[in-house]
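Inside the fold
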Amino acid sequence: MKTVLEIQKLDRQIKALEREVEKCPASIDFRNYKKILQEGKSRFEQLEAQANEIIKNYEIANSKFSRIKGDSEILKKQNTDGINLENVSTLIADANVMVGELSEENRRMEDLVRKAEEIVRKSADLSNKLTEAKKRSAVFKARIEQKRQEVAPKIAEIEKKIKELEPKADKEKYAKYTQMKENGIFPVYVNLEDVFCGGCKVELSLNFIEKLKNVKMLPCEHCNRIIMLDK
Ligand SMILES: [Zn+2]
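Residues numbered from 1 in each chain as written. Predicted model: local features only at pLDDT ≥ 70, side-chain atom pairs only at ≥ 80, totals over all residues. Heavy atoms only, no water.

Thoughts on the pattern of salt bridges
Filter applied, for reference: Any carboxyl oxygen of Asp or Glu that lies within 4 Å of a side-chain nitrogen of Lys or Arg is treated as forming a salt bridge with it. A run of H or I in DSSP counts as a helix once it spans at least four residues, and a run of E counts as a strand once it spans at least two, with each numbered from the N terminus. Burial classes follow relative accessibility: with a 1.4 Å probe on protein chains only, a residue under 20% of its type's maximum area counts as buried, one over 50% as exposed, and anything between as partly exposed.
Scanning all chains against the criterion turns up 15 salt bridges. A salt bridge links E53 to K56; the shortest N-O distance between them is 3.9 Å. With E53 and K56 both in helix α2 (residues 25-80), this residue pair falls three residues apart, about one helical turn. A relative accessible area of 41% places E53 in the partly exposed class. The residue R108 makes a salt bridge to E105 at a minimum N-O spacing of 3.1 Å. Of this pair, R108 and E105 both sit in helix α3 (residues 85-165), three residues apart, which is roughly one turn of that helix. On the accessibility criterion, E105 (2% relative accessible area) is buried. Through salt bridges with shared partners, a single ionic network connects K64, E104, E105 and R108.

Rendered as structure tokens:
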């Protein structure tokens, strides 16, 4: 058991070194910039969808505009053929409606063009920001890599020590250790701290503690780590 605990201690050192890399300022900055890049990307997609909507509406407005213009040509032709007092007022009223419709469509189209221009401006802004963020995140990435290179030999040294200890470790207990460690549970072997699990710090039942006193080693009722009685 002593050897397994020694290995666990060494693994703890490796994890501390890995955490050093994870928690270094560049890593935190890198994660922040990654978030900015992701948000930027989805904003771009939104703008693209808006732009597509505008193009669609513009095409609708444009075809309506053409139709009204076509109608007014017909009206003009009618106008030249035998004008009489009866149809003059109808023709004027029809023409007025068309002028109204035309200017309304025109306004709508101008409005759409304005919106499209705004989207182009926003997209350009966003694109600049994203380029900047990409540049920065590349710098942070390089710094993280540097930090990783820094701790790599230390980790390799500890791993070598572990390899040397492995043959001396209790097979069954070490197998259990490796399996749980691979499942993301660490540390695997913990002490009983008063009436609490040394791993998850949850209070254990009296029943459990009594049983532990007899068998000296038991998986925690809550986190499944192996609780050992202090020697
Ligand atoms: Zn526990």
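Here we look at the domain arrangement of the protein
Where the parts come together, the accessible area they lose is often given as the size of the interface. Definition in use: The source of the domain bounds is an automatic or database domain assignment.
Structurally, the protein comprises domain 1 (2-169) and domain 2 (188-228). Put simply, the middle of domain 1 and the middle of domain 2, counted by C-alpha atoms, are 51 Å apart.

Side note on the packing of helix α1 (residues 2-23) against helix α4 (residues 171-182)
Two numbers describe a pair of packed helices, the interaxial angle and the distance between the axes. What counts, and what does not: Orientation is described by axes fitted as lines to C-alpha atoms, over the contacting stretch for helices, and by angles from 0 to 180 degrees between their N-to-C directions. We call two directions roughly parallel when the angle between them is under 35 degrees, roughly antiparallel when it is over 145, roughly perpendicular when it lies between 65 and 115, and oblique otherwise. Here a crossing is called left-handed whenever its near helix is offset anticlockwise from the far helix by less than a right angle, and right-handed whenever the offset is clockwise. A contact between two residues is defined here by any heavy atoms of the two lying within 4.5 Å. Residue classes follow a fixed rule: Ala, Val, Leu, Ile, Met, Phe, Trp, Tyr, Cys and Pro count as nonpolar, while Asp, Glu, Lys and Arg count as charged, and any other residue, Gly among them, counts as polar.
In contact at an axis separation of 10 Å, α1 and α4 are set at 25° when each is read in the N-to-C sense. Considering their axes alone, α1 and α4 lie roughly parallel with respect to each other. The hand of the α1/α4 crossing is right-handed. Contacts between α1 and α4 involve V4, I7, Q8 and D11 from the former and K173, Y174, Y177 and K181 from the latter. Across the contact of α1 with α4, the residue classes break down as four nonpolar, one polar and three charged.

Here's the deal with the packing of aromatic side chains
Going by this rule: When the centres of two rings from Phe, Tyr and Trp lie within 6.5 Å, Trp using its six-membered ring, the rings pair. Their planes under 30 degrees apart give stacked, over 60 give edge-to-face, and anything left gives tilted. Any Lys NZ or Arg CZ found within 6 Å of a ring centre and within 35 degrees of that ring's normal is scored as a charge over the ring.
One pass over the structure, following the stated rule, counts four aromatic pairs. Look at Y33 and F140: their rings are 5.6 Å apart centre to centre, the planes differ by 35°, and that puts the pair in the tilted class. Here Y33, found in helix α2, pairs with F140, found in helix α3; they are 107 residues apart in sequence, far enough to count as distant. Here the two residues Y33 and F140 agree in accessibility, since each one is buried. Pairwise contacts between aromatic rings join Y174, Y177, F186 and Y189 into one cluster. Over the face of the ring belonging to F186 we find K15, whose NZ or CZ atom lies 5.0 Å from the ring centre.

Some words on the coordination of the zinc ion
As a reminder, the rule being used: Metal coordination here is assigned from N, O and S atoms located within 2.8 Å of the ion, or within 3.2 Å for Na, K and Ca; omission of water means that sites may look incomplete. Think of it this way: with four donors and all angles in the 85 to 135 degree range, the site is tetrahedral; with four or six donors, opposite ones beyond 155 degrees and the rest between 65 and 115, it is square planar or octahedral; otherwise it is irregular.
Distances from the zinc ion to its protein donors, namely C197 (SG), C200 (SG), C220 (SG) and C223 (SG), fall within the range 2.3 Å. Taken together, the four donor atoms coordinating the zinc ion span angles of 106 to 112° at the metal, a pattern that classifies the geometry as tetrahedral. Since its relative accessible area comes to 0%, C197 is described here as buried.

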